[in-house]
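What follows is the residue order along each chain.
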Amino acid sequence: VAYEQEGVFIHSSCGKNDDQDNLIAGILRVIEKENEVIVDWRPSDDTLDNSNILCAGKDSSSVVEWTQTPKEKSPRGADRPSSYEAEWDMVTTVSFKKKPHSNGDATTHANGESKWSFLFSLTDLKSIKQNKEGMGWSYLVFCLKDDVRLPALHFHHGDSKLLIKCLEKHVVLSESPQDKRILLVNSQNKSLSQSFENLLDEPSYGLLQKLKKDPYTATMGRFSKVTNYIFDSFRLTDPSTQRRPPSEMADFLNDAIPGLKINQQEEPGFEVITRIDLGKQPEVSRREPVTAEEWAKNMDSEGRILNVDYIKQLIFKGGLCHTLRKEAWKFLLGYFPWNSTKEERANLQKRKTDEYFRMKLQWKSVSEEQEKRNSRLRDYRSLIEKDVNRTDRTNKFYEGEDNPGLILLHDILMTYCMYDFDLGYVQGMSDLLSPVLYVMENEVDAFWCFVSYMDQMHQNFEEQMQGMKTQLIQLSTLLRLLDSGFCSYLESQDSGYLYFCFRWLLIRFKREFSFQDILRLWEVMWTELPCQNFHLLLCCAILESEKQQMMEKHYGFNEILKHVNELSMKIDVEFILCKAEAISMQMMNCKELPQAVSEILGIESRSVTPDSDTGDDDSAAVLSCPTSLYQSIPTPVAAANGTRDSSQQAPEAHSLTPA
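Residues numbered from 1 in each chain as written. Predicted model: local features only at pLDDT ≥ 70, side-chain atom pairs only at ≥ 80, totals over all residues. Heavy atoms only, no water.

Caption draft 1: Examining unusual backbone geometry more closely. For the bond running from Leu529 to Pro530, omega is -5°, close enough to zero to count as cis. Along the chain, the position of Pro530 falls in the loop between α20 (515-525) and α21 (534-552). The backbone phi angle of Glu528 is positive, close to 60°, even though this residue is not glycine. Residue classification places Glu528 among the exposed positions, given a relative accessible area of 58%. (Helix = DSSP H or I, 4+ residues; strand = E, 2+ residues; numbered from the N terminus. Buried < 20%, exposed > 50% of the residue type's maximum accessible area, 1.4 Å probe, protein only.)

Caption draft 2: Structural context of the pairing of strand β6 (residues 118-121). Residues Phe118 and Phe120 line one face of β6 and the alternating positions Leu119 and Ser121 line the opposite face, and both faces are buried. As defined by bridge partners, strand β3 (residues 37-43) adjoins β6 across 4 bridges and the pair is classed as antiparallel. Among the inter-strand pairings, Ile38 is bridged to a residue of β6, identified as Ser121. (Pairing = 2+ DSSP bridges.)

Caption draft 3: Here's a closer look at the pattern of salt bridges. Counted by the stated rule, this structure contains 27 salt bridges. Residue Glu523 pairs with Arg325 through a salt bridge whose shortest N-O separation is 2.8 Å. One end of the pair, Glu523, is in helix α20; the other, Arg325, is in helix α10 (residues 322-332), and 198 residues separate them in sequence. Given a relative accessible area of 0%, Glu523 falls into the buried group. Classification of Arg325 by relative accessible area gives buried; the value is 4%. One salt bridge in this structure joins Lys547 and Asp483, with 2.1 Å as the shortest N-O distance. Here Lys547, found in helix α21, pairs with Asp483, found in the loop between α17 (466-482) and α18 (484-492); they are 64 residues apart in sequence, far enough to count as distant. Overall, Asp483 belongs to the buried group, its relative accessible area being 15%. Three or more residues are tied together by salt bridges with common partners; here these are Arg286, Arg325, Arg520, Glu523 and Glu574. (Salt bridge = Lys/Arg side-chain N within 4 Å of Asp/Glu carboxyl O.)

Caption draft 4: Inspection of helix α23 (residues 573-588) at higher detail. Counted at 1.5 Å a residue, the expected span for α23 with its 16 residues is 22 Å, and the 22 Å between its end C-alpha atoms agrees. N-cap assignment for α23: the residue whose side-chain oxygen lies 3.0 Å from the backbone N of Glu574 is Asp572. (Expected span 1.5 Å × (residues − 1). Polar contact = N/O pair within 3.5 Å; in protein donor to acceptor, adjacent residues only side chain to side chain.)

Caption draft 5: Representation of helix α15 (residues 429-440). Counted at 1.5 Å a residue, the expected span for α15 with its 12 residues is 16 Å, and the 17 Å between its end C-alpha atoms agrees. Among the 12 residues of α15, 12 are classified as buried, and the element is accordingly described as predominantly covered. At the exit of α15 stands Glu441, carrying a positive phi of roughly 55°.

Caption draft 6: The arrangement of the packing of aromatic side chains in detail. Going through the model one piece at a time under the given rule, you end up with 25 aromatic pairs. Seen in terms of ring centroids, Phe316 and Phe534 are 5.5 Å apart; in terms of plane orientation they differ by 70°. Their pairing is edge-to-face. You can see Phe316 sitting in helix α9 (residues 308-318) and its partner Phe534 sitting in helix α21, a full 218 residues away along the chain. Measuring from ring centre to ring centre gives 5.2 Å for Tyr416 and Phe450, while their planes differ by 70°; the resulting arrangement is edge-to-face. Placement of the pair is Tyr416 in helix α14 (residues 404-419) and Phe450 in helix α16 (residues 443-461), with a sequence separation of 34 residues. Here Tyr416 matches Phe450 in class, with each residue buried. Site record: aromatic cluster; members linked through ring pairs are Tyr356, Phe357, Tyr416, Tyr419, Phe447, Trp448 and Phe450. The aromatic ring of Trp448 is capped on one face by Lys352, whose charged end is 4.1 Å from the ring centroid. (Phe/Tyr/Trp six-rings, centres within 6.5 Å; stacked < 30°, edge-to-face > 60°. Lys NZ or Arg CZ within 6 Å of the ring centre and 35° of its normal.)

Structure below.
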């Protein structure tokens, strides 16, 4: 029972001459079954007597009449099951058009009170009408499909807000443009919902609820179990209806993540991106990782970084050797200021250590009794323990059930709940923490680096998922510019909404690359070079690398989803970094770059005058960050195919000059 409210009345004589209303007190419940959600109302004194239930009688066209259950089929006795199962089995859908009885009266008890019990599935609900505020008791009128209306339910004890909030967990409610009192019901596609329920091997009431409550579980994984079931579930018996409506899948995702509109270029107020020739992608190479010697030579006697831009460029082009990560990541994540001295950093760590253990003590000192009364803290702990137990054990740092690394993972996440109690813990955060803790090998440093990382990522985990909405829209915009033909193909296969990229964006490719490769990928992204939202260009690079196979083999919705999932742990990180960088250069060199793309990448447009050095009077796109240094670094050490050229050397450190 997801919702229960007593004191919900039916005014059975409403609108009849001057007769006084016959007020029938009842209990309203919302009941979650395995595959559906039931709304149930019955008089307060109603016992489980099938003879008093008005059941829907089916005719050849629709369910429009109520019929009384024969008494002989519903014996009352001790052997009668005391549950709602009998009623659920009897009533599959509801319409409140009473079938005339021979005596013209409604079914009655011995006391003469009318019996109006009813229940219906949310899948049959079309709209809900509310009363005007300030006009007596709060009431609702349920209108079912076929435009059949149930009697008004009057809430004498409280209002209907909690009921509406409960229903919104299962269906999308939106105000009618014609009448703000009417809430229109937009339920998710049932066959798609059931397909994903089977896919995830767990009971649920729809993908909509999964995405809102737990985007991690809804997208993390077992996509590889997708079979033709999803595709076939949309096929109807009529050959003319074999094809799904073009926007059906995008509409479903829009229901799941309210506000998400992928093809916004077609909406008023948005820039239309037409086919633009971006030219050939340039050849890009990578260098060896930054060494401890290079790092040390770019630091003065007090421990300040001499040339921040230059060191970021080196990290972007080659990453870091592992021995440097423990120190360098603190700068990249913003825990250490780039211009700080060694002494200032030591003092900072001391203050942060005290602050961390004060917060840790807060939840450590909570007794079991106190936690029982704090449902949010209890829920956070439960989710954290669940996630920690499924941490990737392929790394020795997290091997074994009682591994110290797993214990620290748990403690840091619990402490983060004290740090940001409003956001708390959302599944998926442990994926972001585990590599950071592995590199830091220190509880306090790992916590504050994780806090800095969450400052960048928190929108992905907020209830409204605003960060995910924005990123999916931006990714669609970039991919359409890069390859409009591929975008059109994805749309033709109901995949234009790019839902299969959700996991990539949610936890920054953590499940797509090996543990060591994700360390390299993240440190490159943390440089924030060569442009904003470089991670979206990484998505474009992966998709562009796979488009030929998808299109040549005519992959449909199911095959695309399965194929993308199976890329996990098979992607060459160096190749994808080269390709993504090449795409960024390709777009930055475009002289007709759409404004929407410029804003996504943080590129400013500038006009080049005829008497400039180039002699070109066309517009050019430039980065809003310094690029002259970026372009001058002589680092062609790894080819775009991911192979390395040992004949090339990193630049000499003695060429560095103070910023």
